[in-house]
Amino acid sequence: MLQQFERTIDALEAKLAAPQGNTPRRRYALEFARLGKRLYDGRHPVAWCGVVAPFDLLNAMGFTSCFVEFVGASLASSGVVDTFLDRAEQDGLVPDMCAYHRAVAGAAALGMMPVPQVLVATSCPCFAGQATMENLARLMERELIFLHVPLEQTPEAVRYLVDQLESMITQITALTGRRLDPDKLARTIERSNRAVAVIEEVFELAAHIPSPSASRELKDFGIAMPLLFGRPEAIELAQVFRDAFAGRIRSGGGNGVTKERVRLLWIQNRIQFREPLVKMLEQELGAVVVVDELNHVTWDPIDPQNPLEGIARRMISNPFNGPIESRISKLQALARRYRVDGAINPCNWGCRQGAGARGLMQTGLAEIGVPVLNLEVDCVDPRSFAEGQLRTRLEAFVEMLEAKSSPWS
Amino acid sequence: MYFLGIDIGSLSCDTVIIDQTSGIVASAVVPTGARNVKAIERSKADAMSLAGLIDEDIAALVSTGYGRRRVAGRSAAVTEISCHARGILHLLPETRLLIDIGGQDSKAIVFDGEGNVANFSMNDKCAAGTGRFLEAMARALEVDIIELAQLDRGARGELTLSSMCTVFAESEVVSLIADGAEVKEIVAGLNRSVANRVQSMVKRIAPDLSCLPVAMSGGVAYNEGVVRSLQTQLDVEIAIPEKPDIVGALGAALVARERALGQGEKRRPTE
Ligand code: SF4
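Asks: Help me out: how do you make sense of the overall build of chain B in this one?
Replies: Across its full length, chain B holds eight helices and 10 strands. At 19 Å, chain B has a C-alpha radius of gyration in line with the 18 Å of a compact globule built from 271 residues. Taking the principal axes of its C-alpha atoms as reference, chain B extends roughly 60 × 40 × 35 Å. Evaluated residue by residue, chain B yields a buried proportion of 54% over its 271 residues. In chain B, the proportion of contacts linking residues at least 24 apart, taken out of those at least 6 apart, comes to 64%. Of the roughly 11,700 Å² of accessible surface on chain B, a fraction of 50% belongs to carbon and sulfur atoms. One way to put it: in chain B the 28 positive side-chain charges average out to a point 6 Å from where the 35 negative ones average out.

Listed below in structure tokens is the structure:
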């Protein structure tokens, strides 16, 4: 993995230095390859976490922290995930479990995950993640810290999570000797807030008609950016996107890839391995993914003097947390803000979050005139990818959207 | 001026030629076999010779079906979802929901009176509930696929196949025969299993069928047993066009005509 990240960094630095090579997506890929390198080079204390862990807080304690699903996504995007999925199956994991976690389990079993100083599981977005973390803790002989994210934003629920965050900090100090300096945390949180403010600007620009964002430009952005929160790179990277998008709008609009005919909302996960369909949608049919469900700032700026409460609120506000009505109203808000014509739910194989409530999400979006195409895709395992069948569904969906009047006209 | 539609599916390749008034001039259905480019050529040549036309007579050609991008000389490739909706509406104008069971796909499509698709669902990743499933079962029963369509007559309908998977169902059929089960009962069980799979796909997009006249297309529409079983399970009358296997190709020809004559323009771009 380390060599893979180093090779990627070298290749991206060379491309970024070339004339016209400085694209936002390359900068993004570079920052995350650098994060991968920090995780794997053995020189940084590592915290493997659940998706909604407080990465800025962990950064302030000196950890390079990351959610484990990042490993599954990285293995899939670099085209080598099969070996790890096979290993997970040999070890007894059922093949219809979410492949993000199967890939992580396989990587851990094959010694491809560095042993961390700390493991912090979160109950959100899914209990499959929690089980994966428990397995890692056993395999790596590390204590597991668990954050139970309550389902609603009541004062009691926030207090409950704040208490857990406080004991997490105490536990980490006891386990590693690392202490949390309140001033350092305040400065980290200020940087987090600044990054989020710029990210909001990026989203505001992406909502423009036609969108300056190409379908794959903000792929995974909302879920991955928190890994950099509190670090200056988060602000710089968001600024690169903001400036590029603003420039495109100033020079006549559009994303420079296609003439936008249909605007799409992508629900939950993107497909992580190389596949031709999103490009086909965009370039052949002018159907652009202008927003992803997780490209959504669902929390208020955090008070640097009282950070734990704001962090707790941020964790609870994750769209996958709590009753489905709250997820649906967030999806409706995004559909309205971005004026999308339709939505695609890949219903990632084995994911209860993506597939379990698909009918309810479909009905919720249909209420505001936005049709949803439900697919059945394994977003990490390319071996069951039925390209022809998926192509037909996607093309037919776009034909259907084009024949119908816009929900916003 | 004539317009040509080709529907290249996994089991058959169908061609329809229409004239300026959308009247069907000729149609041809040939098995796809292993080489779909050959099947396309043959199906097109058969229809052209039946109509007595040469290439220059064709103003536009639209292809559809899973091999739609392999059709040379096409003006456009349009999905089978849109084409089937257009085709059935031309043949049976009352229809608002079409069930199409083809070789490897089964689909349900809801549309308006103009043929604009409002919703659709398709089988995923698996041949249960498709023509391939029935083909495999006919093989297991050592009967012809045409014969299979009649074999459930007089069945009491008490036998249920427990497996939906084509491979497992095939071995289940073999052991049922070995156990002395009556062929008509096995076939009725198979029909119910296909219908069951398809009806849940239909209900997913149309929970209430009371205002949606239903029709069926695709080769499996020739199978009376499956149609009967579907009618029972959905509790509706299902209309079948005279040639259910050319509906997709007809829709493609109609789209070709419409586009060539500058009708049916797509909605304006969002910008
Ligand atoms: S895809 Fe679903 S199961 Fe997999 S990590 Fe995400 S929420 Fe959990």
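Having seen the structure, we can now continue with the description.
Asks: How should I be thinking about the nonpolar core in this particular structure?
Replies: A:Phe32, A:Trp48, A:Met113, A:Leu365 and B:Phe120 are the most contacted members of the largest nonpolar core, which totals 152 residues. Broken down by element, this core gets its largest block of residues, 10 residues, from helix H9 (residues 182-206) of chain A. If sequence neighbours within four positions are ignored, A:Leu365 has contacts with A:Leu265, A:Ile267, A:Leu331, A:Gln332, A:Ala335, A:Ala343, A:Val370 and A:Val372. Core analysis: the second largest hydrophobic core is formed by 41 residues, B:Ala136, B:Ala140, B:Leu141 and B:Val194 among them.

Asks: Would you mind going over the packing of helix H2 (residues 24-40) of chain A against helix H11 (residues 232-250) of chain A with me for this structure?
Replies: Relative placement of two packed helices is described by the angle separating their axes and the distance separating the axes. Residue and element names in this part refer to chain A. With their axes 9 Å apart at the nearest point, H2 and H11 run at an angle of 165° to one another. It follows from the interaxial angle that H2 and H11 lie roughly antiparallel. Where H2 crosses over H11, the two elements pack in a sense that is left-handed. Only Glu233, Glu236, Leu237, Val240, Phe241, Ala244 and Arg248 of H11 make contact with H2, whose side of the interface consists of Pro24, Arg25, Arg27, Tyr28, Glu31, Phe32 and Arg38. Considering only residue class, the contact of H2 with H11 consists of seven nonpolar, no polar and seven charged.

Asks: Where do I start with the pattern of salt bridges in this structure?
Replies: As a working rule, side chains carrying opposite charge can pair if their charged atoms are close by. Residues and elements named next belong to chain A. Applying the stated rule across the entire model yields 43 salt bridges over all chains. Among the ionic pairs, Glu13 bridges to Arg34, the shortest N-O distance being 3.0 Å. Taken together, the residues span a long stretch of sequence, with Glu13 in helix H1 (residues 2-17) and Arg34 in helix H2 at a distance of 21 residues.

Asks: Would you mind going over the packing of H1(A) against H2(A) with me for this structure?
Replies: Residue and element names in this part refer to chain A. Two elements in contact, H1 and H2, have axes whose closest approach is 9 Å; the angle formed by their N-to-C orientations is 150°. The angle between the axes of H1 and H2 places the two elements in the roughly antiparallel class. As H1 packs across H2, the resulting crossing turns out to be left-handed. Mapping the contact onto sequence places Leu2, Phe5, Glu6, Thr8, Ile9, Leu12, Glu13, Lys15 and Leu16 in H1 and Arg26, Arg27, Ala29, Leu30, Ala33, Arg34, Gly36, Lys37 and Tyr40 in H2. Per-class residue counts for the contact of H1 with H2 are nine nonpolar, two polar and seven charged.

Asks: Would you take a moment to explain the sheet that holds strand S5 (residues 262-266) of chain A for this structure?
Replies: Across a sheet, strands are paired by hydrogen bonds formed along the backbone, either parallel or antiparallel in direction. Residue and element names in this part refer to chain A. Strand order in the open sheet made by the four strands is S6-S5-S7-S8, with parallel pairing throughout. Each edge of the sheet is formed by a strand with only one pairing partner; in this case those strands are strand S6 (287-292) and strand S8 (372-374). The mean inter-strand angle of the sheet, taken between neighbouring strand axes irrespective of direction, is 30°. In the sheet, strand S7 (residues 342-345) pairs with S8 via three bridges, with the strands oriented parallel. The residue bridging Asn345 from the neighbouring strand is Asn374, located in S8. Packing of helix H14 (residues 324-338) onto the sheet brings it into contact with S5 and S6, and relative to S6 it is tilted by some 130°.

Definitions and limits used
- Position numbers for residues count from 1 along each chain, tracking the sequence in the order it is written.
- By the order in which they are written, chains take letters starting at A while ligands take numbers starting at 1.
- The predicted nature of this model means local features are confined to residues of pLDDT at least 70 and side-chain atom pairs, given and counted, to a pLDDT of 80 or more, with totals for whole chains, interfaces and linings taken over all residues.
- Excluded from the side-chain calculation are hydrogens and water; included are all heavy atoms of the structure.
- Note on conventions: DSSP H or I runs of at least 4 residues are helices, E runs of at least 2 residues are strands, and numbering of each starts at the N terminus.
- It is over C-alpha atoms that the radius of gyration is taken, and the globule rule equals 2.2 Å times the number of residues to the power 0.38.
- Between buried and exposed lies partly exposed: a residue is buried under 20% and exposed over 50% of the maximum accessible area for its type, with that area taken using a 1.4 Å probe on protein chains only.
- Residues count as neighbours in contact if any of their non-hydrogen atoms are within 4.5 Å of one another.
- What sets the accessible areas is the Shrake-Rupley method with a 1.4 Å probe; for residues, cover comes only from the shown protein chains.
- Positive charges are assigned to Lys and Arg, negative charges to Asp and Glu, while His and the chain termini are left out of the count.
- To locate a charge, take atom NZ for lysine, CZ for arginine, CG for aspartate or CD for glutamate.
- The set of buried Ala, Val, Leu, Ile, Met, Phe, Trp, Tyr and Cys residues whose side-chain atoms join them within 4.5 Å is what this entry labels a nonpolar core.
- Lines fitted to C-alpha atoms define the axes here, with helix axes fitted over just the stretch in contact, and angles between the N-to-C directions of these axes take values from 0 to 180 degrees.
- Small angles under 35 degrees read as roughly parallel and large ones over 145 as roughly antiparallel, with 65 to 115 read as roughly perpendicular and the rest as oblique.
- Left-handed describes a crossing whose near helix is turned anticlockwise from the far helix by less than a right angle; the clockwise case is right-handed.
- Here the term charged refers only to Asp, Glu, Lys and Arg, the term nonpolar to Ala, Val, Leu, Ile, Met, Phe, Trp, Tyr, Cys and Pro, and the term polar to all other amino acids, Gly among them.
- The salt bridge criterion pairs a side-chain nitrogen of Lys or Arg with a carboxyl oxygen of Asp or Glu, the two atoms within 4 Å.
- Two strands are said to pair when DSSP picks up at least two bridges between them.

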